[in-house]
Amino acid sequence: GESVGLHLPTLSVQEGDNSIINCAYSNSASDYFIWYKQESGKGPQFIIDIRSNMDKRQGQRVTVLLNKTVKHLSLQIAATQPGDSAVYFCAETIGDDKIIFGKGTRLHILP
Amino acid sequence: EAGVVQSPRYKIIEKKQPVAFWCNPISGHNTLYWYRQNLGQGPELLIRYENEEAVDDSQLPKDRFSAERLKGVDSTLKIQPAELGDSAVYLCASSLHSPPDTQYFGPGTRLTVL
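A short tour of the structure in this document, coming up. No experiment lies behind these values; they were computed from the predicted model shown.

**Some words on the overall build of chain B**
Along chain B, the regular secondary structure elements total 0 helices and 11 strands. Ordered by position from the N terminus, the helices and strands of chain B form the series β-β-β-β-β-β-β-β-β-β-β. The C-alpha radius of gyration computed for chain B amounts to 13 Å, which stays within 12% of the reference 13 Å derived for 114 residues, consistent with globular compactness. By principal-axis analysis of the C-alpha atoms, chain B measures approximately 40 × 25 × 25 Å. Intrachain contacts of chain B at a sequence separation of at least 6 include 54% that bridge at least 24 residues. In chain B, which carries 12 positive and 14 negative side-chain charges, the distance between the mean positions of the two groups comes to 8 Å.

Now the structure itself:
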């Protein structure tokens with residue numbers, strides 16, 4: 001069946017270093033992918049998205065990479081800051097179908 | 001501009017009791033979603049509204065869950081009767097357009113069923 005998952009449940013990164021959060025998806029028909037950030041006690045917050053006709057998209061301090069060959073998605077955060085501590089979810093969708101979220105990766109920032 | 005508003009933020013009830021959650025989406029957003037998020041998991045869609053019409057309720061347990069969006073703005077999600085397994089965070093989100101479009105989430109209602 002369709003599923004979206006993350007390789008690591010937790011990731012610890014030194015403040016100032018770059019963070020890379022990975023995600024694998026199983027449905028090759030998925031054509032739209034989103035990364036969300038969820039802080040404790042809050043709802044998910046949109047970070048960045050990418051469509052399947054692209055392999056890279058950059059935002060402010062964040063980059064999403066899409067490798068359709070191996071069905072892999074990653075989120076790169078440059079110069080990680082304490083405020084980046086949160087759970088990060090990747091999500092996929094096909095056309096106008098519902099979004100399917102993965103389980104999430106908790107990012108810890110080490111001082 | 002206010003984001004998605006949800007109330008209450010927390011609710012504790014005993015099993016078999018009814019409970020209702022309220023959501024006010026971002027002004028002008030036609031599409032409204034209700035999600036359930038279990039601890040350590042990603043959100044799972046329960047129902048999606050386009051204006052006042054429920055266009056995807058395939059994941060809504062209809063024996064005990066119901067939802068409405070009568071005037072195409074605010075929405076309520078109800079559980080009656082609640083079961084222990086319903087303990088979760090119930091998230092509301094809205095988007096300006098139909099999917100795929102950026103969804104904006106509210107803070108959620110944390111439900112604990114004892």
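**Some remarks on the interface of chain A and chain B**
Each side of the interface is counted separately: chain A has 18 residues, and chain B has 19 residues. Taken together, the two surfaces of chain A and chain B that pack against each other cover about 1400 Å², and 55% of this comes from carbon and sulfur. Looking only at chain A, the three residues that lose the most surface to chain B are Pro 44, Lys 98 and Phe 101 of chain A, adding up to 30% of its buried area. Counting every contact that joins chain A to chain B gives 0 salt bridges. Taken together, the connections running from chain A to chain B amount to 3 residue pairs in polar contact (both at pLDDT 80 or more). Listing elements by their share of the side of chain A that touches chain B, those giving two or more residues are strand S4 (32-38) and strand S5 (45-51) of chain A. With 3 residues, S4 of chain A is the single largest residue contributor to the side of chain A that touches chain B.

**Details of the state of the cysteines**
Counting across every chain of the model gives 2 disulfides over all chains. One disulfide bridge connects Cys 23 of chain A with Cys 90 of chain A, the sulfur atoms lying 1.8 Å from each other. Because the sign of the S-S torsion sets the handedness, a value of about 50° for the bond joining Cys 23 of chain A and Cys 90 of chain A places this disulfide among the right-handed ones. Within this pair, whereas Cys 23 of chain A is found in strand S3 (residues 19-25), its partner Cys 90 of chain A is found in strand S9 (residues 86-93), the two being separated by 67 residues in sequence. The exposure class of Cys 23 of chain A is buried, given its relative accessible area of 1%. For Cys 90 of chain A, a relative accessible area of 0% puts it in the buried group. In this model, Cys 23 of chain B is linked to Cys 92 of chain B through a disulfide, with the two sulfur atoms separated by 1.9 Å. The disulfide joining Cys 23 of chain B to Cys 92 of chain B has a torsion of about -70° about its S-S bond and is therefore left-handed. Here Cys 92 of chain B lies in strand S9 (residues 88-95) and Cys 23 of chain B lies in strand S3 (residues 19-24), a separation of 69 residues in the sequence.

**Structural notes on the environment of Ala 79 of chain A**
Here Ala 79 of chain A is to be found in the loop between strand S8 (72-77) and S9. On a C-alpha basis, the gap between Ala 79 of chain A and Leu 107 of chain A in space is 13 Å, while along the polypeptide they are 28 residues apart.

**Overview of the layout of surface pockets**
Approximately 540 Å³ is the volume attributed to the largest pocket. If you go around the largest pocket, you meet 26 residues; those closest to its centre are Gln 38 of chain A together with Gln 37, Leu 39, Gly 40 and Arg 110 of chain B. For the lining of the largest pocket, the elements supplying multiple residues, two or more each, are S9 and strand S11 (105-110) of chain A together with S9 and strand S11 (109-113) of chain B. Taken together, the residues of the lining of the largest pocket sort by class into 8 nonpolar, 12 polar and 6 charged.

**As for the packing of aromatic side chains**
By the definition in use, this model includes 11 aromatic pairs over all chains. For the pair Tyr 36 of chain A and Phe 105 of chain B, a centre-to-centre distance of 5.6 Å together with 90° between the ring planes defines the contact as edge-to-face. Of this pair, Tyr 36 of chain A sits in strand S4 while Phe 105 of chain B sits in strand S10 (residues 104-105), placing the two residues on different chains. For the residue pair Tyr 36 of chain A and Phe 105 of chain B, the accessibility class agrees, reading buried in each case. Summarising the aromatic geometry, the rings of Tyr 35 of chain B and Phe 105 of chain B are spaced 5.3 Å apart at their centres and angled 45° between planes, so their arrangement reads as tilted. Of the two residues, Tyr 35 of chain B is situated in strand S4 (residues 31-37) and Phe 105 of chain B in strand S10; the sequence distance between them amounts to 70 residues. By relative accessible area, which is 11% here, Phe 105 of chain B ends up buried. Pairwise contacts between aromatic rings join Tyr 36, Phe 46, Phe 89 and Phe 101 of chain A together with Tyr 33, Tyr 35 and Phe 105 of chain B into one cluster.

Reading guide: rules and limits
Residues numbered from 1 in each chain as written. Chains lettered and ligands numbered in written order. Predicted model: local features only at pLDDT ≥ 70, side-chain atom pairs only at ≥ 80, totals over all residues. Heavy atoms only, no water. Helix = DSSP H or I, 4+ residues; strand = E, 2+ residues; numbered from the N terminus. Rg over C-alpha atoms; globule rule 2.2 N^0.38 Å. Contact = heavy atoms within 4.5 Å. Lys, Arg positive; Asp, Glu negative; His and termini not counted. Charge placed at Lys NZ, Arg CZ, Asp CG, Glu CD. Buried area = accessible area lost by both parts, 1.4 Å probe. Salt bridge = Lys/Arg side-chain N within 4 Å of Asp/Glu carboxyl O. Polar contact = N/O pair within 3.5 Å; in protein donor to acceptor, adjacent residues only side chain to side chain. Disulfide = S-S within 2.5 Å. Buried < 20%, exposed > 50% of the residue type's maximum accessible area, 1.4 Å probe, protein only. 1 Å grid on protein atoms, 1.4 Å probe; cavity = no way out; pocket = protein on both sides within 12 Å on 5 of 7 lines; lining within 4 Å. Points joined across faces, edges and corners; volume = space filled by probe spheres on them. Nonpolar A, V, L, I, M, F, W, Y, C, P; charged D, E, K, R; others polar. Phe/Tyr/Trp six-rings, centres within 6.5 Å; stacked < 30°, edge-to-face > 60°.

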